[in-house]
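Working through the structure, step by step
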Amino acid sequence: LDLYHANQEKQLWHMEGKVRSLVGAKVVVVGLGDIGGEFAKRVKALGGYVIGVRRADARKPEYADELVLAERLDEVLPVADVVAVCLPGTEHTRNLINRERIGLMKKDAVLMNVGRGFVVDTEALCDALENGSLGGACLDVTEPEPLPAGHRLWTAPHTLITPHAAGHFHLQETYERVIRIAVDNLGR
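Predicted, not measured: the structure shown is a model, and the values here were computed from it.

Let's shift gears to the sheet that holds strand β5 (residues 110-113). If you walk across this open sheet you meet the seven strands as β3-β2-β1-β4-β5-β6-β7, and the pairing is parallel. With one partner strand each, in any of the chains shown, β3 (66-69) and β7 (159-161) form the two edges of the open sheet. Geometrically, the sheet is characterised by an average inter-axis angle of 15° between neighbouring strands, direction not taken into account. Two elements, strand β4 (residues 82-85) and β5, share four bridges in a ladder whose sense is parallel. Its bridge partner lying in β5, Val83 is registered against Leu111. Against the sheet, helix α2 (residues 34-45) contacts β1 (26-30), β2 (49-54), β4 and β5, and its axis sits at roughly 170° relative to β1.

With that settled, the discussion passes to the layout of surface pockets. A volume near 1,300 Å³ is recorded for the largest pocket. Residue lining of the largest pocket: 47 residues in total, with Asp34, Ile35, Gly36, Cys86 and Val114 positioned closest to the centre. Of all elements in the fold, only α2, β2, β4, β6 (136-139), β7 and α6 (172-187) reach the threshold of two or more residues within the lining of the largest pocket. With six residues, α2 is the largest single contributor of residues to the lining of the largest pocket.

To continue, consider the side chain of Arg54. With respect to the secondary-structure elements, Arg54 resides in strand β2. Ignoring sequence-local partners within four residues, the contact set of Arg54 consists of Leu32, Arg59, Pro61, Tyr63, Leu67, Val68, Leu69 and Ala70.

Now for a nonpolar patch on the surface. On the surface, a nonpolar cluster with roughly 640 Å² of combined accessible area is contributed by Leu3, Tyr4, Trp13, Met15 and Val19. In this fold, Trp13 is placed in the loop between α1 (2-9) and β1.

This part takes up the environment of Ala109. Here Ala109 shows up in the loop between α4 (99-104) and β5. We classify Ala109 as buried; its relative accessible area is 0%. Considered as a pair, Ala109 and Leu77 are 32 residues apart in the sequence and their alpha carbons are 9.4 Å apart. Dropping the residues within four chain positions of it, Ala109 is found in contact with Arg20, Ala80, Asp81, Leu134, Gly135 and Gly136.

Burial along β5 is two-sided: Val110 and Met112 facing one way and Leu111 and Asn113 facing the other are all buried. Inspection of the sheet shows β5 paired to β6 by four bridges, in the parallel sense. The residue bridging Met112 from the neighbouring strand is Cys138, located in β6. Tracing the backbone out of β5, into helix α5 (residues 122-131) and back to the parallel element β6 gives a crossover that is right-handed.

For side chains bearing opposite charge, pairing can occur when the charged atoms are close. Taken as a whole and assessed by the stated rule, the structure comprises 17 salt bridges. Notably, a salt bridge pairs Asp127 with Arg99, separated by 2.9 Å at the nearest N-O pair. Taken as a pair, Asp127 in helix α5 and Arg99 in helix α4 lie far apart in primary sequence, 28 residues in all. Judged by its relative accessible area of 41%, Arg99 falls in the partly exposed class. Note that Glu123 is salt-bridged to Arg152, the shortest N-O span being 2.6 Å. Here Arg152 lies in the loop between β6 and β7 and Glu123 lies in helix α5, a separation of 29 residues in the sequence. Judged by relative accessible area, which is 25%, Arg152 ranks as partly exposed. A cluster of three or more residues bridged by salt bridges with shared partners is formed by Asp34, Glu38, Lys41, Arg42 and Arg177.

Reading guide: rules and limits
- Throughout, a residue's number is its position along its own chain's written sequence, starting from 1.
- Owing to the predicted nature of the model, reporting of local features is limited to residues with pLDDT of at least 70; listing and counting of side-chain atom pairs is limited to 80 or more, with chain, interface and lining totals taken over all residues.
- Only heavy atoms go into the side-chain values, all of them from the structure, while hydrogens and water stay out.
- Two strands form a pair only when DSSP identifies at least two bridges running between them.
- Going along the chain from the N terminus, every DSSP run of H or I of four or more residues is numbered as a helix, and every run of E of two or more is numbered as a strand.
- For helices, the fitted line uses only the C-alpha atoms of the stretch in contact; every axis is such a line through C-alpha atoms, and the angle between N-to-C directions lies from 0 to 180 degrees.
- The contact rule is simple, with two residues in contact once any of their heavy atoms fall within 4.5 Å.
- For each structure, a 1 Å grid was placed over the protein atoms alone; sets of points admitting a 1.4 Å probe that cannot get out are labelled cavities, open sets with protein on both sides within 12 Å along at least five of seven lines are labelled pockets, and lining residues have an atom within 4 Å of a point.
- Grid points are joined across faces, edges and corners, and a volume is the space filled by probe spheres set on the points.
- Patch membership requires over 30% relative accessible area and the absence of a salt bridge. Like charges are linked within 9 Å, and nonpolar side chains (Val, Leu, Ile, Met, Phe, Trp, Tyr) within 5 Å.
- The Shrake-Rupley method, run with a 1.4 Å probe, gives the accessible areas here. Residue values count only the displayed protein chains as cover.
- We define a salt bridge as a contact between a side-chain nitrogen of Lys or Arg and a carboxyl oxygen of Asp or Glu at a distance within 4 Å.
- For every residue, the accessible area obtained with a 1.4 Å probe (protein chains only) is divided by the maximum for its type, and the residue is called buried under 20%, exposed over 50%, and partly exposed between those limits.
- The crossover handedness rule: strands pointing away from the viewer, path from first strand over the helix to second strand clockwise, crossover right-handed.

What follows is the structure, given as structure tokens:
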């Protein structure tokens, strides 16, 4: 999509080659909490093959084709077409997606991060995108955040960046979901 957006800005009608679909794609969802679980359900509904990664709970949800525990993350990264990182920011998740793990991913894989920016090693990600050893990145969170003007991530190839817009109340459904959770918790 980044290539077509650049063409649009130039008002250029030009094909950029083959496109990919989620149909049949192997999508590794790292973190199957509320956000990761909802994302995995949608991937499954669109025809993707979902491999969920959890820290401790080995019960496989119905929307996952496979479930592995976090200690097996390195085993599933090499088969992923998409790696969706949906993790909270803790000391256990800091730089979880580091240079070595990015190196395990397919050359045409796409890394998504919607959890916390510091879960992904930003410099390693930039290096992989710039040298072509990773297919792309879709980032709603970054490290640092906000991403400063002039940071090399802004111009990394095949990268889409949004300013943590998936969080907060930018989406009405998110607002309504937070209210439902709060009401349920008050009821308990």
